[in-house]
Amino acid sequence: MFDDTRPIFLQLADSIADDVLRGVYAEEEQVPSTNELAAYMRINPATAGKALNLLVERGVLYKRRGIGMFVAPGARSLIEEERRQAFAERFITPLVAEAKSLGLSPAEIARLIDQRYAALPADPQQTSKEQQS
Amino acid sequence: MTPSSAPPAVEARALTRRYRGATALDGVTLTIERDKITGLLGRNGAGKTTLMSLITAQDRPTSGSVHVHGRDPFEQAELIEQMCFLRDNQRYPDDYKLKHAIRAARICYPNWSQETADRLIELFRIPSKPVVKKFSRGQLSALGIVLGLASRSEITFFDEPYLGLDATARHIFYDELLSEFTEHPRTIVLSTHLINEMDRLLERVIILDQGRVVRHADVEELRGDAFQVAGRAAAVEEFARDRRSLAHRTIGGLGTAVIEGSLATDDREAAEAASLEITPVSLQDLVAAYGVGAEAAAD
C-alpha cells in the first residue's frame, strides 16, 4: 500500500485525493477521522493526522469543529488542476527519457500515444458529462 | 503547543553503562517525548535493552543521568509504578499460571485494565492451565503484550514483543496497540528488528549502534532520507566519494552504496550520467546500513 520513496503521510494524502477525484467521497461528504484511518491502515495516528492536515492546507478538505473533516466544495477541480500541472513531470519526462534511450523519435511517440488512446474504451464519466451538456 | 512546564517522558544525559570493560551504552543523550510511540532500532548488542533497563531503574548507570517525568527514578516507587517494562526474556516464578501473572500485574500497575487483559487473552488464545514456564515462545510474547497493554502505564517499554508470534497474532498486537494508544494516549517505547512491518506504527525513531545514538528523528523524516545507487564498482565509488556514504559493498566489478540524504536533482543526474541505478532505501535498510557503516569505518 505504501512504498519507501516518500513519507507515508504524503502517500496517504495522495490516496485520499485520488478518492476525491474518483468520486469515492463527494464534495461536502465526511472523510474518515484520524483514528479511523490509523486503525484501518495500521499506521501511527500522528501520520494519519498529518495527511488530513496537509489536505486541509491544500484546500481539499475542511474542518468542522467537533464533527470532523469534510471534502471542500470545488475540491475535485482543485485536484484535477494540481494533477494536470504535475502530469508532464510525473509521466512525460520519464517517457521521453526512456523513448530517447530506445531511439524513438517524437513523431513515433506521438503515433504510439494516438494508437493507445484510440484503443481505450469510451469513458462512462466522460459520456455522461457530454449527455448532460 | 504542549505546556512547556510538563517535563518529557524520559531525559538521558551522557548515559553510560559498562560491564566489565564492555561498553553497552556510551554517552547517550536523548529525550523521549510524552504520549508518542517511539521505536528503538539497531543491531543486537547496540544497547537497546540496556537503555530500557536504565530508564526503568532496573539497572544503574556507570555515569551520566536519566530522568523520568523530570525525576531520577532510582528507588522512587511511585515513579517506577508508572512504568512497565516487558523484557523479551521476561521471567515468572516457577509455579505461575496465567491467572497468577495477571493477579500480580493487577497489584503492580495502578491503572490496570482487567477488561483489556480479558479481551487480549481471548484474542491471543493464551491457555490458562499450563504453568507459564511451559509456554511456547509465542505464548510468552502474547502474555507480555497483554501485561504491557493492560497495565495502561504512563510509560510502557516492549523489548522485541513479537518473538515467536505468527502473522495473525502480530496483526492483533498492532491493532490493539493502536487502539489502546488512541483511546488512552501514553508513552510507548518498543525495540524491534521487524522494521519493515512495524515502522508505520511509530512516530519517533531512535537508531542505536554500538552504544551510541546515530539517528533520532520522526520516522517520516527518515523515509526517503537515503537512497541506494548500484552499478559498476568504480562508478559507485566515484559517486560515493563526495557524498555521505553509510554502507558500501563491492562484489566483483559491481557495487552498491547507501547514501544519506534525500535524492536531489543533481544526484539523480550524476547517477544517470554514470549509468547507476537508483533505488529507495527502506527504514530497515537504513538501520542495517548504520550497523554496517560503523564496522566498515573501524576496519
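Residues numbered from 1 in each chain as written. Chains lettered and ligands numbered in written order. Predicted model: local features only at pLDDT ≥ 70, side-chain atom pairs only at ≥ 80, totals over all residues.

## Overview of the overall build of chain B
At step 1: The helix and strand inventory of chain B stands at 11 helices and 13 strands.
At step 2: In terms of overall dimensions, chain B is globule-like: its C-alpha atoms have a radius of gyration of 21 Å, near the 19 Å expected for 299 residues.
At step 3: With the principal axes as the frame, chain B shows a C-alpha extent of 65 × 45 × 40 Å.
At step 4: In chain B, buried positions account for 41% of the 299 residues.
At step 5: Taking the contacts inside chain B whose residues are at least 6 apart along the sequence as the reference set, 70% of them involve residues at least 24 apart. (Helix = DSSP H or I, 4+ residues; strand = E, 2+ residues; numbered from the N terminus. Rg over C-alpha atoms; globule rule 2.2 N^0.38 Å. Buried ≥ 20, exposed ≤ 12 C-beta atoms within 10 Å, placed from the backbone. Contact = placed C-beta atoms within 7 Å.)

## Overview of the interface of chain B and chain A
At step 1: Residue-level contacts link 16 residues of chain B with 17 residues of chain A.
At step 2: Element by element, the count of residues in the side of chain B that touches chain A is highest for helix H6 (residues 167-183) of chain B, at five residues.
At step 3: In terms of residue class, the side of chain B that touches chain A is made up of seven nonpolar, four polar and five charged. (Nonpolar A, V, L, I, M, F, W, Y, C, P; charged D, E, K, R; others polar.)

## Here we look at the sheet that holds strand S10 (residues 226-232) of chain B
Residue and element names in this part refer to chain B.
At step 1: Taken together, the four strands give an open sheet; going across it, the order is S11-S12-S10-S13, and neighbouring strands pair in antiparallel fashion. Unpaired on one side and paired on the other, strand S11 (245-251) and strand S13 (277-280) mark the two borders of the sheet. Taken over all neighbouring pairs, the strand axes of this sheet differ in orientation by 20 degrees on average, direction set aside.
At step 2: The pairing of S11 with strand S12 (residues 254-260) spans six bridges and is classified as antiparallel. Residue pairing in the sheet places alanine 247 in a bridge with valine 258 of S12.
At step 3: Where helix H9 (residues 233-241) meets the sheet, its contacts fall on S10, S11 and S12, and the angle it forms with S12 comes to roughly 20 degrees. (Pairing = 2+ DSSP bridges. Axes fitted to C-alpha atoms, helices over the stretch in contact; angles between N-to-C directions.)

## Thoughts on the domain arrangement of chain A
At step 1: Taken as a whole, chain A is organised into domain 1 (8-75) and domain 2 (87-132).
At step 2: Placing a centre on the C-alpha atoms of domain 1 of chain A and another on those of domain 2 of chain A gives a separation of 30 Å. (Domains from an automatic or database assignment.)

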